[in-house]
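Here is what each chain is made of, one letter per residue.
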Amino acid sequence: MKNEYNNAMTQSKKAENVRDVIRYLRKFKDAVVVIYLDDKTIGSTLFSSHIRDIALLHQAGLKVVIIPGARTRIDEVLSGAKIDWTYKDNIRITNDEAMPLVKMAAFDVTNTIMTNLAANGITAVIGNWVRARAKGVLSGVDFGTAGEIDKLDTESVRTVLKDGFIPLFPCIGWSSTGRPYNISSVILANQIAVELKADKLFFVTGDNPGIISQGQIVPAMNIEEADEYISKNPEETAILKLARTACSKGVNRAHIVDGNIDGVLLTEIFSDLGSGTMIYTSNYGKIRPMEQNDIPSVLALMRPFIESGKLLPRTEGDIAAAIKDYCVYEFDGGVRACASLHFYEDGQAEIAAIAVDEAFSHMGIGFKMVDNLISLAKEAKAKTVFIMTTQAADWFEKLGFKEDSIESLPQARKAIWTPERGSKAYRLFITPQL
């Protein structure tokens, strides 16, 4: 019986994963996705796999823009020519003699991307869409051929995307007189995403798997959380700062992902949490009232909690009959948590049916759901809120609930309590006691 249950749960999870992919395909059709590939990723054994995945994204209807990093290749070419360079604030400083070689190396890398896309049946275009100016002399340091972005020809890029091609951007910009400058690929990717109002910006790197806190990758951070992390870790957050800036300027989401993981782009786009860190604005997840078409998803959420004895069994009819009492937590159109609030005639309210998708349990969604329902109970002038639990007493105590007697329950709720199940009552007073 246990094996049958495990097999059923595995199949259910597989089905839900397929539903996620279909949902995201619909959501991101025609979406603009800007992808920065660092030089370590381009030089890795997984490079061809990443290009294949990018080709699949393009074929699925996403509008892809690629900005490759070329630091390693530029180092090789300059070293071969015995030309010295230095770095200041992570910016390469060279003289005019080096610039033709820098440009050649940057286009070498970009051509590598183009060739591999062609092998997957995808046509890419390299263009001179970046107007640049000299970085100049700052604090007495002459930055030589290093440049800054002055203007992007986004209209031409949009035309290329509309025509079904992938635009490629080497890390080179040109002045109004045609003079080339070496510009930062990551800054270029950030600026392109902002000006194209991209739906997604990816930083795919070989040495930055995402934001790590307490030994674990943080799957998602809103802008406020990113600001807090940056303030505490100012030396580790160059890409996070760019991702945060992009989101604050209109990019829907920015992702920092590990180029050492096969399929990382696909899992990050076609699942709710992916495998890296996503930076987002506050509209990523939301609590809303349950709708009729949410019931199958809610039943699927509840199933493992019912099987483990944490929740009472509920049927589709049970939920439909009380649908006005329920709320759900939605991520990108997918229901990932649910809860309900039932009112009784004596001024008591009950929070029940709390279920959170296990993959999202670390994100504090359960607390948000309970906090929202407490607020609704206050608005309705309820005197107290209670919950019934068999296995989550510690969690509710952290939220301020205190154990109470079964006799304190409303008569209607007390009538369905059974000693066999042995649920305990926990209560929170939300209006002052006289």
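In this report, the structure presented in the accompanying data block is examined. (Residues numbered from 1 in each chain as written. Predicted model: local features only at pLDDT ≥ 70, side-chain atom pairs only at ≥ 80, totals over all residues. Heavy atoms only, no water.)

1. Concerning the side chain of D39
Argument step 1. As for its placement among the helices and strands, D39 is situated in helix 2 (residues 39–42).
Argument step 2. For the buried D39, no salt bridge is present, and the opposite-charge side chain at shortest range is R71, 6.0 Å distant.
Argument step 3. At a separation of 2.3 Å, a polar atom in the side chain of D39 contacts the side chain of T72.
Argument step 4. Not counting residues within four places of it along the chain, the set of residues in contact with D39 comprises G69, R71 and T72. (Helix = DSSP H or I, 4+ residues; strand = E, 2+ residues; numbered from the N terminus. Buried < 20%, exposed > 50% of the residue type's maximum accessible area, 1.4 Å probe, protein only. Lys, Arg positive; Asp, Glu negative; His and termini not counted. Salt bridge = Lys/Arg side-chain N within 4 Å of Asp/Glu carboxyl O. Polar contact = N/O pair within 3.5 Å; in protein donor to acceptor, adjacent residues only side chain to side chain. Contact = heavy atoms within 4.5 Å.)

2. Quick look at the environment of I126
Argument step 1. As for its position among the elements, I126 is in strand 5 (residues 124–126).
Argument step 2. Remark: the alpha-carbon pair of I126 and A238, spanning 112 residues in sequence, is separated by 27 Å.
Argument step 3. The residues contacting I126, other than those within four sequence positions of it, are F107, T110, N111, M114, L168 and P170.

3. Some details on the packing of helix 3 (residues 47–59) against helix 5 (residues 99–119)
Argument step 1. Orientation of helix 3 relative to helix 5, taken along the N-to-C sense of each, is 65°, at an axis distance of 9 Å. Handedness of the helix 3/helix 5 crossing: right-handed. Counting all contacts with helix 3, which are made through F47, I51 and I54, the residues of helix 5 involved are T112, I113, N116 and L117.
Argument step 2. Each residue belonging to the contact of helix 3 with helix 5 can be placed in one class, and the counts come to five nonpolar, two polar and no charged. (Axes fitted to C-alpha atoms, helices over the stretch in contact; angles between N-to-C directions. Left-handed = near helix turned anticlockwise from the far one by under 90°. Nonpolar A, V, L, I, M, F, W, Y, C, P; charged D, E, K, R; others polar.)

4. Considerations on the sheet that holds strand 24 (residues 402–404)
Argument step 1. Here seven strands make up an open sheet; going across it, the order is 19-20-21-22-23-25-24 and the pairing mixed. Across the chains shown, the open sheet's two edge strands, defined by having one partner strand only, are strand 19 (285–289) and strand 24. Recorded for the sheet is a direction-independent mean angle of 30° between the axes of neighbouring strands.
Argument step 2. Relative to strand 21 (residues 334–343), strand 20 (residues 326–331) runs antiparallel, the two sharing six bridges. Residue C327 lies in a different strand from strand 21, and its bridge partner there is A339. (Pairing = 2+ DSSP bridges.)

5. Observations regarding empty space enclosed by the protein
Argument step 1. For the coordinates displayed, the defined rule picks out two cavities of 30 Å³ or more.
Argument step 2. Roughly 30 Å³ of internal volume is contained in the second largest cavity.
Argument step 3. What lines the second largest cavity is simply W129, L152, D153, T154, V157, F169, I192 and L196.
Argument step 4. A breakdown of the residues in the lining of the second largest cavity according to their chemical character gives six nonpolar, one polar and one charged. (1 Å grid on protein atoms, 1.4 Å probe; cavity = no way out; pocket = protein on both sides within 12 Å on 5 of 7 lines; lining within 4 Å. Points joined across faces, edges and corners; volume = space filled by probe spheres on them.)

6. Some details on helix 8 (residues 223–232)
Argument step 1. Inspection of helix 8 places I223, A226, Y229 and I230 among the buried residues, and these make up the whole buried set. All buried residues of helix 8 lie within an arc of 120° about the axis, which places them on one face of the element. In helix 8, the exposed residues that point more than 90 degrees away from the buried face are S231 and K232.
Argument step 2. Those residues of helix 8 that are buried are in contact with strand 14 (212–213), strand 16 (220–222), helix 9 (238–248) and strand 18 (277–280). (Arc of directions from axis to C-beta.)

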